Amino acid sequence: VKPYAILTVGGEKVGVVGATTPDASNISSPGPTVKFLDPAKPVQAAVNELTRQGVNKIVLVTHIGYEEDQRLIRQLHNVDLVVGGHSHSPLGTPKIDGWRDAEGPYPTIAKDADGMTVPIVQCYEWGKVFGEIKLSFDARGKVTKIVEAKPIVVDATIPEDPVIKSLVAAYQKPIAAQATAQIGVAVNAIPKEAGPAGESLMADVVADAMLAATAKAGAVAAFVNSGGVRGSLEQGKITFANLISVSPFGNSLVVLDLSGTELLEAIQEGVGTGGELQPSTGTSYRISTRKAADVRIAGQPIDASKTYRVAFYNFTANGGDNHVALQNAKGRRIDTGLLDIDALTDYLRSHSPLDVKPEGRITRGG
């Protein structure tokens, strides 16, 4: 793995240094021989090597998160620009329905270890926004001016590229074949409709798939919003197209560290709106007069003072379906990048033939 690269742009040498999150050991599967370090010392070593080679324009490209970028730059010397990711932070973006509010300006200005100003940029998530920043440098390689900086929302006003359109058409051909590929077998029909108590068998499967995909990251439970399960499975052969009908949105799985109080509030928000959060196996609650009661997380009564690591779709984690408690949660927040359809596909492959029966994860009365 190269610690840096040197690009020649307009006759000028530009150094690019990369850094990823130490959390990678928990949110991916690198194997036991790969170690992830706090980035400060390795990044500074790479920057020092570039400056020794006479490179005086240095861009740091990170995947550690917006707040961590600001923390890191305070420890560094001779970095001119930070282009970040991982926290999916919208910066300088307008208010758009369904989007998180901007978390800061584009660019965000931070001070390095020498007290020099360093711009930090990030472009939200999933290609919804592009960013553009133009800088002026003096002969010593120091930034003298931010000439232009703006986030560019990718919406219908952006013209379609005919080359990309033709590539998409070409890629659709093998996808059509994949749609009919058999993933597994269902012993019984698995409906998405909730039973009298409020438990959906299809949601049970989806939540269990979410938990299985995030257990290595420390998740002890998973919840899927009832509106996030869009289809049922018939008895017999299960194809990839069937699973797409169940999970069509391309949600990523987000792991949140929640206090027992925050988690209970999130469950109650779902009950209060009639859009109950459907839990993974071992987690359950009772609904009584539109209130959640007898909440058990991973087999144990919920403890208000305890911290739970729980998996959700990014939709609900970001406040969708009026889940304000999840949106405002103060603890650690990790978007794993794992997609709902991939988690469901992996789970079906490892649990086929699938035989699903009600477990009483949601009950009513009392």
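About the cut-offs
- Residues numbered from 1 in each chain as written.
- Predicted model: local features only at pLDDT ≥ 70, side-chain atom pairs only at ≥ 80, totals over all residues.
- Heavy atoms only, no water.
- Helix = DSSP H or I, 4+ residues; strand = E, 2+ residues; numbered from the N terminus.
- Buried < 20%, exposed > 50% of the residue type's maximum accessible area, 1.4 Å probe, protein only.
- Contact = heavy atoms within 4.5 Å.
- Areas by Shrake-Rupley, 256 points an atom, 1.4 Å probe, with all protein chains shown as cover.
- Lys, Arg positive; Asp, Glu negative; His and termini not counted.
- Charge placed at Lys NZ, Arg CZ, Asp CG, Glu CD.
- Phe/Tyr/Trp six-rings, centres within 6.5 Å; stacked < 30°, edge-to-face > 60°.
- Lys NZ or Arg CZ within 6 Å of the ring centre and 35° of its normal.
- Pairing = 2+ DSSP bridges.
- Axes fitted to C-alpha atoms, helices over the stretch in contact; angles between N-to-C directions.
- Core = buried A, V, L, I, M, F, W, Y, C linked by side-chain atoms within 4.5 Å.
- Arc of directions from axis to C-beta.
- pLDDT = per-residue confidence, 0-100.

J.: Whenever I open this one, the overall build of the protein confuses me. Can you help?
T.: When helices and strands are tallied, the protein shows 10 helices and 19 strands. Dimensions of the protein along its principal axes, counting C-alpha atoms only, are 75 × 50 × 45 Å. Split into buried and exposed, the 366 residues of the protein put 43% on the buried side. Of the contacts made within the protein by residues no fewer than 6 positions apart, 66% connect residues no fewer than 24 positions apart. For the protein, the computed accessible surface area is about 18300 Å², with 55% contributed by carbon and sulfur atoms. Within the protein, the 39 negative side-chain charges are centred at a point lying 3 Å from the centre of the 36 positive side-chain charges.

J.: What should I look at first to understand unusual backbone geometry in this one?
T.: Outside of glycine, negative phi angles account for most residues, and trans bonds account for most peptide bonds. With omega at 0°, the peptide bond leading from Tyr106 into Pro107 counts as cis. Backbone torsion omega between Ser352 and Pro353 reads 0°, so that peptide bond is classified as cis. Looking at where Pro353 falls in the secondary structure, it is placed in the loop between α10 (340-351) and β19 (362-364). A positive phi angle is found at Tyr124, which is not glycine, with a value near 55°. With respect to the helices, strands and loops of the structure, Tyr124 is situated in the loop between β6 (117-122) and β7 (129-137). Of note in the backbone geometry, Asn322 takes a positive phi value of approximately 65° without being a glycine.

J.: Mind showing me how you'd approach the packing of aromatic side chains here?
T.: Given two aromatic rings, one states the distance between the centres and the angle between the planes to describe the pair. On inspection of all chains with the given rule, the structure shows two aromatic pairs. Between Trp99 and Tyr124, the aromatic rings sit 5.0 Å apart at their centres with planes inclined by 50°, giving tilted as the arrangement. With Trp99 in the loop between β4 (81-84) and β5 (108-111) and Tyr124 in the loop between β6 and β7, this residue pair connects regions lying 25 residues apart in the sequence. By relative accessible area, which is 6% here, Tyr124 ends up buried. Relative to Phe312, the ring of Phe223 has its centre 5.8 Å away and its plane inclined at 15°; by these criteria the two rings are stacked. Of the two residues, Phe223 is situated in strand β10 (residues 221-225) and Phe312 in strand β17 (residues 307-313); the sequence distance between them amounts to 89 residues. Phe312 carries the same exposure label as Phe223, and that label is buried. Seen from the ring of Phe137, Lys57 lies directly overhead, with NZ or CZ sitting 5.9 Å from the centre.

J.: Would you mind going over the environment of Tyr285 with me for this structure?
T.: As for its placement among the helices and strands, Tyr285 is situated in strand β14 (residues 284-288). Its relative accessible area of 2% is what places Tyr285 among the buried residues. Remark: the alpha-carbon pair of Tyr285 and Ala186, spanning 99 residues in sequence, is separated by 27 Å.

J.: Would you take a moment to explain the sheet that holds β19 for this structure?
T.: Paired through backbone hydrogen bonds, the strands of a sheet run either parallel or antiparallel to each other. Read across the open sheet, the four strands follow the order β16-β15-β14-β19; overall the sheet is mixed. A strand with exactly one partner marks an edge of an open sheet, and here the two such strands are β16 (300-301) and β19. Inspection of the sheet shows β14 paired to strand β15 (residues 291-297) by four bridges, in the antiparallel sense. For Ile287, the partnering residue across the bridge sits in β15 and is Ala292. Against the sheet, helix α7 (residues 260-273) engages β14 and β15, with an angle of about 135° to β15.

J.: Help me understand the nonpolar core in this model?
T.: A general feature of soluble globular proteins is that nonpolar side chains tend to end up buried together. With 31 residues, the main nonpolar core has Ile190, Val205, Val206 and Leu348 as its most contacted residues. The set of elements that each furnish at least two residues to this core consists of β9 (182-186), α5 (201-214), β10, α6 (240-246), β17 and α10. With nine residues, α5 is the single largest residue contributor to this core. Not counting residues within four places of it along the chain, the set of residues in contact with Ile190 comprises Leu201, Met202, Val205, Ser232, Leu233, Leu354 and Val356. Grouped together as the second largest cluster of nonpolar side chains are 23 residues, Phe223, Leu258, Ile267 and Phe312 included.

J.: I'm lost on helix α3 (residues 66-73) in this one. Help?
T.: Because each turn of an α-helix spans 3.6 residues, side chains separated by three or four positions in sequence point in the same direction. Among the residues making up α3, those that are buried are Tyr66, Asp69, Leu72 and Ile73. Burial along α3 is one-sided: seen end-on, the buried residues are contained in an arc of 120°. Elements in contact with the buried residues of α3: α2 (40-52), β3 (58-63), β4, β5 and β6.

J.: Whenever I open this one, the confidence of the model for the protein confuses me. Can you help?
T.: Looking at the protein as a whole, its pLDDT mean stands at 93, while 98% of the residues score no less than 70. β4 holds the highest mean pLDDT among the elements of the protein, 98, whereas helix α1 (residues 24-27) holds the lowest, 69.

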